[in-house]
Amino acid sequence: MNKVCLAICFILIGMGLGRSQPLPGIYQGSEWLPLLYGKKFAVAAHHASVLDSVHLIDFLLEKRLKPVMIFTPEHGLSGMASAGEKIVDSEYKGIPVISLYGNKKKPTAEEMKSIDLVLFDMQDMGVRFFTYISTLTYLMEACAENKKPIIVLDRPNPHAHYIDGPVLKPGFESYVGLHPVPIVYGLTIGEYARMVNGEGWLKGGMKADLTVVKIKGYHRKIRYFPPIPPSPNLRTKAAMILYTSLCLFEGTQVSVGRGTEKPFEVFGAPFFSEGDYYFIPESRAGATNPPYQGQKCRGFDVKIFAENFMAQAEFIYLDWLIATVELHENPPKLFNAFFDKLAGTDQLRKQLLSGKKASEIRDSWRSDLEQYARIRNKYLLYPD
């Protein structure tokens, strides 16, 4: 696959980003702990809701603050459920754990009646199709409907410093994209909550009683990689960098390495005729029944490319997708129905099938991105 090889060899290198570590909102306890005393509250959290190696729930219990219930997103409280896997309600240290992923996307009115407020803390990726922002949206909606406050403990993410990709178009809304934002929307999860509220994107234009506890010492030029992987297949810095570019392959016949030791660091398929990397996906924790399970796939390992080049980039890399379309024996068959949901539009698929270059595709995003940037600017909490 010569064009893919060329794509791996050439890319413009952007400006380097700082390395100092900001302190997420969970560390500003003096701002949010007093809001919980004397209240019946729920916590929306997952496995990465941690401060100083202590999980948020355990931290609260140490403070003699026991949540009434725990709401969890995709991958569950353990963070090990596979993408799309149904999660059964359970309990943690006697506290009911309620899944908000699958058929049930938001708390019931009865559940909301039993609490006074919701405390939200989840490590996000800053990418539209990463579903924690959808969980946040539905929680905000439930809080607005039931007139209950929601406190969001803000966290930085690996992609909060730039915007890129097609803006989601009407008619393409789904759980992997609820709002008219680009694939990379350039906000922390707290800023995103502010935008959802401020733009009237909750059902019926409702507004949630929202408090965002800010990150301390954060500047957008600090590229942040969370110490705890936010989902079971984003285990490394390289995978987090590549996620924005490789996840679009999940709307195609191409594997991104789920079920291997290198998810989102490789891509390939049994039908690839070129490539110097081979892998066989197997069912494992966090990736049960992966695509091409038990089949030998040929493709490319792009981890080093990500670490050496894309770590400095501020854009979605399209060349691998373009080359795969060009070399597929039946390009329309490469795509499945999920691709347009991931892209947030059918335009990208049509552009790829028509042979558009990456520069031409990017030019088609410019106007929408400029319009989105004006909306985004209203909700920034940290220097750009």
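Let me sum up the structure you'll find in this document. (Residues numbered from 1 in each chain as written. Predicted model: local features only at pLDDT ≥ 70, side-chain atom pairs only at ≥ 80, totals over all residues. Heavy atoms only, no water.)

## Here we look at the nonpolar core
If you look at the biggest cluster of nonpolar residues, it comprises 86 residues, and the most contacted ones within it are I150 and W320. By size, the runner-up hydrophobic cluster in this structure holds 21 residues, among which are F41, I70, L153 and V213. (Core = buried A, V, L, I, M, F, W, Y, C linked by side-chain atoms within 4.5 Å. Buried < 20%, exposed > 50% of the residue type's maximum accessible area, 1.4 Å probe, protein only.)

## Some thoughts on the pattern of salt bridges
Inspection of every chain in the model, using the stated rule, returns 19 salt bridges. Across the salt bridge formed by K93 and D58, the nearest N and O atoms sit 2.8 Å from each other. With a gap of 35 residues between them, K93 in the loop between β5 (90-92) and β6 (95-99) and D58 in helix α3 (residues 56-62) connect regions that are remote in the sequence. Across the pair E199 and K378 runs a salt bridge whose closest N-O atoms are separated by 2.8 Å. (Salt bridge = Lys/Arg side-chain N within 4 Å of Asp/Glu carboxyl O. Helix = DSSP H or I, 4+ residues; strand = E, 2+ residues; numbered from the N terminus.)

## Section: the sheet that holds strand β12 (residues 297-301)
A sheet is described by the order of its strands in space; here three strands give the open sequence β10-β12-β11, paired in antiparallel fashion. Looking at which strands have only one partner, the edges of the open sheet turn out to be β10 (266-269) and β11 (277-279). Between one strand axis and the next, the sheet turns through 40° on average, direction left out of account. (Pairing = 2+ DSSP bridges. Axes fitted to C-alpha atoms, helices over the stretch in contact; angles between N-to-C directions.)

## Regarding the side chain of T188
With respect to the helices and strands, T188 occurs in the loop between β8 (150-153) and α6 (189-198). T188 sits in the buried class, given a relative accessible area of 0%. Beyond its immediate stretch of four places on either side in the chain, T188 contacts D154, R155, P156, N157, A160, I215, Y218, R220 and Y382. (Contact = heavy atoms within 4.5 Å.)

## Some details on the packing of aromatic side chains
Going through the model one piece at a time under the given rule, you end up with 20 aromatic pairs. Ring centres 5.1 Å apart and planes at 80° place the aromatic pair Y218 and Y382 in the edge-to-face group. Residue Y218 is found in the loop between β9 (210-213) and α7 (237-246), and its partner Y382 is found in the segment after α13 (358-377); the two are separated by 164 residues along the sequence. The interplanar angle of 70° and the centroid separation of 5.3 Å between the aromatic rings of Y243 and F264 together place this pair among those described as edge-to-face. With Y243 in helix α7 and F264 in the loop between α7 and β10, this residue pair connects regions lying 21 residues apart in the sequence. Joined through ring pairs, the aromatic side chains of F249, F267, F271, F272, F300, F305, F309, Y317 and W320 make up one cluster. Over the ring of Y278 we find K296, and its NZ or CZ is 4.8 Å from the ring centre. (Phe/Tyr/Trp six-rings, centres within 6.5 Å; stacked < 30°, edge-to-face > 60°. Lys NZ or Arg CZ within 6 Å of the ring centre and 35° of its normal.)

## Here's the deal with the pairing of β9
Across four bridges, the pairing between β8 and β9 is parallel. Bridge pairing in β9 links L153 to V213. Regarding topology, α6 serves as the crossover connection from β8 to the parallel β9, and that connection is right-handed. (Right-handed = clockwise from strand over helix to strand, strands pointing away.)

## Let's talk about the sheet that holds β5
If you trace the seven strands from one edge of the open sheet to the other, you get β5-β6-β4-β1-β7-β8-β9, paired in mixed fashion. Of all strands in the sheet, those with a lone pairing partner are β5 and β9, marking the two edges. Strand-to-strand twist across the sheet, computed as the mean angle between neighbouring axes with direction ignored, equals 25°. In this fold α6 packs onto β7 (117-121), β8 and β9, with an angle of close to 160° to the strand it touches most, β9.

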